[in-house]
Amino acid sequence: MQGFRLDAGRQTLVLAARPGEMAQVVYWGLTLPAGEDLETLAGAAVRDVTGGMIDALPPLTLCPEAARSFPGQSGLCVRGADGAPIYPRLVFSHADEAPGQLALHHVDARLGLRYTARFAVVPGTDILTAEAEIAADTDLRLDWLCAPAVPAPEGGTDRLHVAGRWIGEFRIEHTPWSAGSLLRESRLGRTDHSHFPALLLPGAGATNTRGTVHALHYGWAGGHRMIAEELPDGRRQVQFGHAAGTEHGLARRFATAPLYLTVSDNGLNGVGRAFQRYLHDHHIPWVDAAAPRKVHYNCWEAIYFDHDLPTLKDIASRAAALGAERFVLDDGWFGRRDDDTSSLGDWTVDARKYPDGLGPLIDHVRGLGLSFGIWFEPEMVNRNSDLARAQPDWILGPDDQIEGRQQRVLDMANAQVQEHLHDRIAKVLTDHPVDYIKWDHNRVLPMPDAAQTRGTYALLDRLRAAFPAVEIETCASGGGRIDFGILGRTQRVWLSDSNDALERLRIQHDAALFLPASITGSHVGPRHCHTSGRRIGMAMRAWVAAQRQMGFEMDPRELTEAEAAVLQRVTAWWKANRDWRMAADILRLDSPDPAVTAELQLARDGGRFVVFAGQNASSAQITPRPLPLAGLDPASRYEVRLLNADEATGLSRGAPALKQAALTLSGAYLMQQGLTLPWRFPETMWVVEGRRLTDARSET
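None of the values given here were measured: they were computed from a predicted structure.

1. Considering the overall build of the chain
Scanning the chain from terminus to terminus reveals 13 helices and 35 strands. For a compact globule of 700 residues, the expected C-alpha radius of gyration is about 27 Å, and the chain comes in at 27 Å, within 12% of that figure. Here the chain holds 700 residues, and 59% of them are scored as buried. Roughly 25,700 Å² of accessible area belongs to the chain as shown, and the carbon and sulfur atoms make up 50% of that amount. Across the chain, the 73 positively charged side chains and the 86 negatively charged ones have centroids separated by 3 Å.

The structure is reproduced here in structure tokens:
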């Protein structure tokens with residue numbers, strides 16, 4: 001037997017390769033001692049055999065094989081060029097090892113197949129990556145290939161996976177472990193609102209702030225498949241890969257996207273911290289990592305398709321006065337785009353709306369001190385467009401397909417399509433001082449196709465190489481395409497099309513298990529929300545937006561003086577604190593009151609924090625329950641201050657100490673007892689700032 005070990009932060013991965021078999025993961029969990037004997041460890045994990053089963057337990061390998069009587073889902077489903085199924089029996093051949101990297105090679109000499117599993121430690125993080133590829137001497141048809149399969153811990157009872165919908169993304173679903181498979185699959189050609197590709201496996205008693213949690217994320221923007229299965233013998237496995245059947249052509253090599261693994265001993269927050277830091281510090285291709293994140297103004301909900309230069313100039317001036325630093329011109333500036341029925345694909349400036357081009361608007365915006373961004377939806381086309389009339393063969397799918405938002409999808413695997421889109425977008429970026437693209441994707445594919453995603457990746461990569469100073473936001477009717485694959489090519493996500501602060505509070509809270517504040521766009525929407533119909537006060541809208549990368553999307557002409565003053569004040573606070581907050585750890589708090597959604601953002605050095613406690617509904621009890629904090633040093637003392645005490649209502653009639661003045665309390669007290677906050681109406685937010693003053697141990 002050969003043993004292999006990788007350590008990444010708080011986790012250890014141990015693999016074993018026995019003669020005549022594929023390699024397998026024999027341990028994935030919290031860090032093991034340095035001197036652990038891998039052969040003994042692998043032997044200790046072998047299970048007994050009893051009645052009612054075959055005479056040996058088929059191994060749960062990196063790619064479980066049907067040809068070895070594996071009792072669960074196999075990791076590879078492949079056919080020959082003639083369509084006949086192939087059943088490999090892959091055997092470990094050799095390993096390539098380097099510091100923090102491991103490649104395990106396998107062969108089936110009879111079938112001329114080669115399989116490689118690659119693992120890598122991301123230095124300075126708690127993240128491991130795992131990828132797989134299959135290669136052959138002859139053409140194959142691939143139905144399914146999983147990234148290296150991993151055993152799931154058997155001590156927990158729950159599987160946490162991510163569902164959702166348009167304007168309701170990132171809903172955490174709890175499914176108890178039981179015999180059989182939990183299958184999640186996005187077959188719509190993008191990550192999708194309903195299927196964020198992740199699985200969280202909490203140990204017994206794990207919460208946001210304590211306990212062991214294993215987590216996996218599949219970094220692919222083209223639709224994925226996840227299997228979390230409990231076998232009849234009690235073992236559990238997890239597989240991730242591209243959605244099944246999305247490789248449409250014959251090929252001699254197929255590969256998965258990276259699977260990201262982490263293990264936390266600090267509950268779900270440890271998982272969130274690992275993913276947030278990895279994205280912020282290592283993965284996002286920042287234009288300038290040291291530059292402050294800008295406050296956006298996006299004009300979509302103010303004007304929709306009604307572009308009028310004097311109106312836009314007025315809106316830009318008002319947005320600048322409120323504190324905006326970037327103006328984003330949304331849908332409607334091109335072709336003859338007066339509604340969503342025409343002109344997608346015609347990426348030339350509409351001379352009816354802009355007779356002198358975009359120059360006068362951009363000059364005005366830049367004269368206000370704002371940079372300029374613009375909206376594209378490159379992968380889409382309307383049939384009522386010059387492009388569709390000239391190149392109908394570039395449209396993906398049958399002519400009688402169901403349309404979405406009056407549009408269809410371009411064949412991004414076609415090199416001519418990529419070239420055309422590159423040229424049109426490049427001309428806009430060359431002719432104008434644009435520093436930002438909002439890249440949208442407003443309908444699903446007519447059928448899932450992995451080549452479509454690879455084509456989009458290629459276009460993004462080419463544009464980024466040509467225009468390295470342009471930041472790109474991934475948007476797909478809000479959060480329909482968010483994953484680490486697309487985030488390797490973009491710098492911001494539009495988390496949801498919902499600007500309802502109450503909905504956003506929950507969406508942002510759950511998305512923090514994966515996404516840092518620095519890439520998560522959050523905008524102050526209209527007083528009367530266009531997607532929910534709710535009317536929510538400015539303070540709540542502003543503070544919810546201030547939890548992430550802040551922006552505005554309401555029509556600034558609707559604001560009263562009082563509303564404008566509140567927004568200016570919150571925006572100024574956001575700017576004054578963005579230097580540390582955009583890299584802070586977002587820690588979800590275990591609120592004892594389900595009517596309170598709360599998080600703590602902790603500076604990397606632990607020296608300061610801010611708590612956002614959103615009252616999402618009326619509480620069952622009369623007075624607020626104390627809110628325990630997380631992530632602090634128990635021995636240190638902290639000064640805590642209620643930042644927005646002036647927002648207290650007259651029905652808060654008592655005198656809680658925090659409402660009166662700043663308090664100095666130990667980290668132990670703040671985490672065990674918590675903050676006693678004043679009473680609040682629903683749909684409002686308390687914001688508490690904290691600074692570490694001393695380490696109590698230094699005083700003894």
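Right, picking up where we left off after that structure.
2. Some remarks on the sheet that holds strand 25 (residues 434–439)
With parallel pairing, eight strands are arranged side by side around a closed barrel as 20-21-22-25-26-27-28-29. Neighbour to neighbour, the strand axes of the sheet diverge by 30° on average, direction disregarded. One ladder, built from four bridges, connects strand 28 (residues 520–524) with strand 29 (residues 549–552); its direction is parallel. Bridging from a neighbouring strand, Ser522 pairs with Met550 of strand 29.

3. Notes on the nonpolar core
Counting residues in each nonpolar core, the largest one holds 172 residues, and the members touching the most others are Phe327, Trp333 and Leu515. Looking at which element gives the most residues to this core, the answer is strand 9 (residues 128–145), with eight residues. Residues contacting Phe327, with those up to four places away along its chain left out, are Tyr297, Cys299, Leu312, Ile315, Ala316, Leu361, Val365, Leu370, Ser371, Phe372 and Gly373. If you look at the next biggest cluster of nonpolar residues, it comprises 22 residues, including Leu587, Phe609, Ala613 and Leu642.

4. With respect to the sheet that holds strand 16 (residues 224–230)
Here four strands make up an open sheet; going across it, the order is 10-17-16-13 and the pairing antiparallel. Unpaired on one side and paired on the other, strand 10 (150–151) and strand 13 (180–185) mark the two borders of the sheet.

5. As for empty space enclosed by the protein
The tally for this structure, following the rule as stated, stands at eight cavities of 30 Å³ or more. Here the largest cavity is characterised by a volume of approximately 150 Å³. If you go around the largest cavity, you meet 15 residues; those closest to its centre are Val596, Gln615, Pro624, Arg625 and Leu677. For the lining of the largest cavity, a count of residues per class yields ten nonpolar, two polar and three charged. When its volume is computed, the second largest cavity comes out at roughly 100 Å³. Counting residues per element, the lining of the second largest cavity draws most heavily on strand 9, which supplies four residues. In the lining of the second largest cavity, the residues fall into eight nonpolar, four polar and two charged.

6. As for unusual backbone geometry
A positive phi is found at Ser69, a non-glycine position, where the angle reads about 60°. As for its position among the elements, Ser69 is in the loop between helix 1 (38–44) and strand 4 (76–80). Phi angles above zero are rare outside glycine, and Ile167 is one such case at about 55°.

7. Re the layout of surface pockets
Of the voids in this model, the largest pocket is the one considered here, and its volume is about 690 Å³. Contributing to the lining of the largest pocket are 28 residues, with Gln24, Val25, Ala45, Arg47 and Arg235 lying nearest its centre. Counting residues per element, the lining of the largest pocket draws most heavily on strand 3 (residues 24–30), which supplies seven residues. Partitioning the lining of the largest pocket into residue classes produces 17 nonpolar, three polar and eight charged.

8. Let's talk about the packing of helix 7 (residues 415–431) against helix 8 (residues 450–466)
Axis angle and axis distance: for two packed helices, these are the angle between their axes and the distance between the axes, and together they describe the pair. One can describe the packing of helix 7 onto helix 8 by two numbers: an axis separation of 10 Å at closest approach and a directional angle of 35°. Crossing hand, helix 7 versus helix 8: right-handed. Across the interface between the two elements, Gln418, Glu419, Leu421, His422, Ile425 and Ala426 from helix 7 touch Gly455, Ala458, Leu459, Arg462, Leu463 and Ala466 from helix 8.

9. Here's the deal with the packing of aromatic side chains
Considering all chains together, one arrives at 26 aromatic pairs under this definition. Judged by centre distance (5.5 Å) and plane angle (85°), the ring pair of Trp333 and Phe376 falls under edge-to-face. Of this pair, Trp333 sits in the loop between strand 21 (326–329) and helix 5 (359–367) while Phe376 is found in strand 22 (residues 371–376), placing the two residues 43 residues apart along the sequence. Look at Trp333 and you get buried, because its relative accessible area is 0%.

10. Details of the side chain of Thr191
Counting through the fold element by element, Thr191 comes out in the loop between strand 13 and strand 14 (198–202). For Thr191, a relative accessible area of 1% gives the class buried. The residues contacting Thr191, other than those within four sequence positions of it, are Ser186, Phe196, Pro197, Trp220, Ala221, Gly223, Gly480, Arg481, Ile482 and Asp483.

11. A closer look at the side chain of Gln621
Looking at the secondary structure, you find Gln621 in the loop between strand 32 (608–615) and strand 33 (636–642). In terms of polar contacts, Gln621 uses its side chain to reach the side chain of Asp593, at 3.0 Å. At a separation of 3.2 Å, a polar atom in the side chain of Gln621 contacts the main-chain carbonyl oxygen of Thr623.

Definitions and cut-offs
- Residues numbered from 1 in each chain as written.
- Predicted model: local features only at pLDDT ≥ 70, side-chain atom pairs only at ≥ 80, totals over all residues.
- Heavy atoms only, no water.
- Helix = DSSP H or I, 4+ residues; strand = E, 2+ residues; numbered from the N terminus.
- Rg over C-alpha atoms; globule rule 2.2 N^0.38 Å.
- Buried < 20%, exposed > 50% of the residue type's maximum accessible area, 1.4 Å probe, protein only.
- Areas by Shrake-Rupley, 256 points an atom, 1.4 Å probe, with all protein chains shown as cover.
- Lys, Arg positive; Asp, Glu negative; His and termini not counted.
- Charge placed at Lys NZ, Arg CZ, Asp CG, Glu CD.
- Pairing = 2+ DSSP bridges.
- Axes fitted to C-alpha atoms, helices over the stretch in contact; angles between N-to-C directions.
- Core = buried A, V, L, I, M, F, W, Y, C linked by side-chain atoms within 4.5 Å.
- Contact = heavy atoms within 4.5 Å.
- 1 Å grid on protein atoms, 1.4 Å probe; cavity = no way out; pocket = protein on both sides within 12 Å on 5 of 7 lines; lining within 4 Å.
- Points joined across faces, edges and corners; volume = space filled by probe spheres on them.
- Nonpolar A, V, L, I, M, F, W, Y, C, P; charged D, E, K, R; others polar.
- Left-handed = near helix turned anticlockwise from the far one by under 90°.
- Phe/Tyr/Trp six-rings, centres within 6.5 Å; stacked < 30°, edge-to-face > 60°.
- Polar contact = N/O pair within 3.5 Å; in protein donor to acceptor, adjacent residues only side chain to side chain.

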